[in-house]
Amino acid sequence: MDLRIFTEPQQGATYDTLLTVAKAAEDLGFDAFFRSDHYLKMGDVDGLPGPTDAWITLAGLARETRRIRLGTLMTAATFRLPGVLAIQVAQVDQMSGGRVELGLGAGWFEEEHTAYGIPFPKEKFGRLEEQLAIVTGLWGTDAGKTFDFQGEYYELKDSPALPKPAQEKIPVLVGGHGASRTPRLAGRFADEFNMPFGSVEDSERQFGRVRAAAEEAGRGADAITYSNVLVVCVGKDDQEVARRAAAIGREVDELKRNGLAGTPSEVVDKIGRYAEIGSRRMYLQVLDLHDLDHLELISTQVQSQLP
């Protein structure tokens, strides 16, 4: 089971804070540092000093880290044209020496689009499907050849399909709870399917749908890595768990039901239940980015106990 650190910078974080967390994650042996792609805070936080852009952040981290993988959960398809996104991600992959992964989603938070003048189209899922086809098509075009695409929302003609990533293939992540269209997209395009904030039972059902869709697409169910993202709140004892829960404005019982919360042994046990249904990566949503002792505890007392 790979453990990856997942952050929500729109809730309030500077680039320097994200750099500190990413370097700590790297030093502590975590597999990856991922971030959300949002421009507006959510809930009862001030969000100061304001949003940071996902791919600008990852470009900086690409030059200031050496081992850890870098990516998004999820880049909003509404924020970027697919050809531009393919260029951006390929460039950051080059800057990192081939450590980038792209999570791509439809975009859902209408208020952030309104706040920053970003169009919020009614039909988002069809655009996402075309974006996935274009981005992967551009990267997969042989050097010296051109790429064309004619869709309902996007048209590309005689694209040189450059630049190429450093990796032979950048891993693409698709995720979500949808029962039909989401598994179909994952079956066709995804190297990894991520189930966000889902129970063991819901994850098992959704993984089954994605496996079936991958088989229908002629890829095979094992062509896709299955993963989860859950909020994390670990303490060496009940008092420390309660303190960390209070720091992020959550209740311990709720976190234990819906996330990875409790003592290290409790969290290891719950991760094990996800592993039993086929999950191979766990994205730990870290909400207090200043509590680096939390990361160290997870590394030494949770990660060390996982196979």
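Before reading on, note that the structure itself is shown above.
Residues numbered from 1 in each chain as written. Predicted model: local features only at pLDDT ≥ 70, side-chain atom pairs only at ≥ 80, totals over all residues. Heavy atoms only, no water.

Caption draft 1: Highlighting the packing of aromatic side chains. Per the stated rule, a full pass over the model turns up six aromatic pairs. Here the aromatic rings of F34 and Y283 are separated by 5.0 Å at their centres, their planes lie at 70°, and the arrangement is edge-to-face. With a gap of 249 residues between them, F34 in strand β2 (residues 32-35) and Y283 in strand β12 (residues 281-286) connect regions that are remote in the sequence. Between F193 and F207, the ring centres sit 6.3 Å apart and the planes meet at 90°, which makes this aromatic pair edge-to-face. Of the two residues, F193 is situated in strand β9 (residues 192-196) and F207 in helix α7 (residues 200-216); the sequence distance between them amounts to 14 residues. Among the aromatic residues, those joined into a ring-pair cluster are Y39, F79 and Y116. (Phe/Tyr/Trp six-rings, centres within 6.5 Å; stacked < 30°, edge-to-face > 60°. Helix = DSSP H or I, 4+ residues; strand = E, 2+ residues; numbered from the N terminus.)

Caption draft 2: Representation of unusual backbone geometry. Here the amide bond leading from L48 into P49 is cis, since omega sits at 10°, within 30 degrees of zero. In this structure, P49 sits in the loop between β2 and α2 (54-64). Omega for the peptide link from L162 to P163 comes to 0°, which places this bond in the cis form. You can see P163 is positioned in the loop between β7 (155-159) and β8 (172-175).

Caption draft 3: Quick look at the pattern of salt bridges. Enumeration over the complete set of coordinates arrives at 20 salt bridges. Across the pair K169 and D191 runs a salt bridge, and its minimum N-O distance is 2.7 Å. Placement of the pair is K169 in the loop between β7 and β8 and D191 in the loop between α6 (181-189) and β9, with a sequence separation of 22 residues. Taking relative accessible area as the criterion, K169 reaches 47% and is therefore assigned partly exposed. The exposure class assigned to D191 is buried, which follows from its relative accessible area of 18%. A salt bridge links E192 to R281, with the shortest nitrogen-to-oxygen separation between them at 2.5 Å. Taken together, the positions of E192 in strand β9 and R281 in strand β12 put the pair 89 residues apart, joining distant regions of the chain. Overall, the relative accessible area of 17% leaves R281 in the buried class. (Salt bridge = Lys/Arg side-chain N within 4 Å of Asp/Glu carboxyl O. Buried < 20%, exposed > 50% of the residue type's maximum accessible area, 1.4 Å probe, protein only.)

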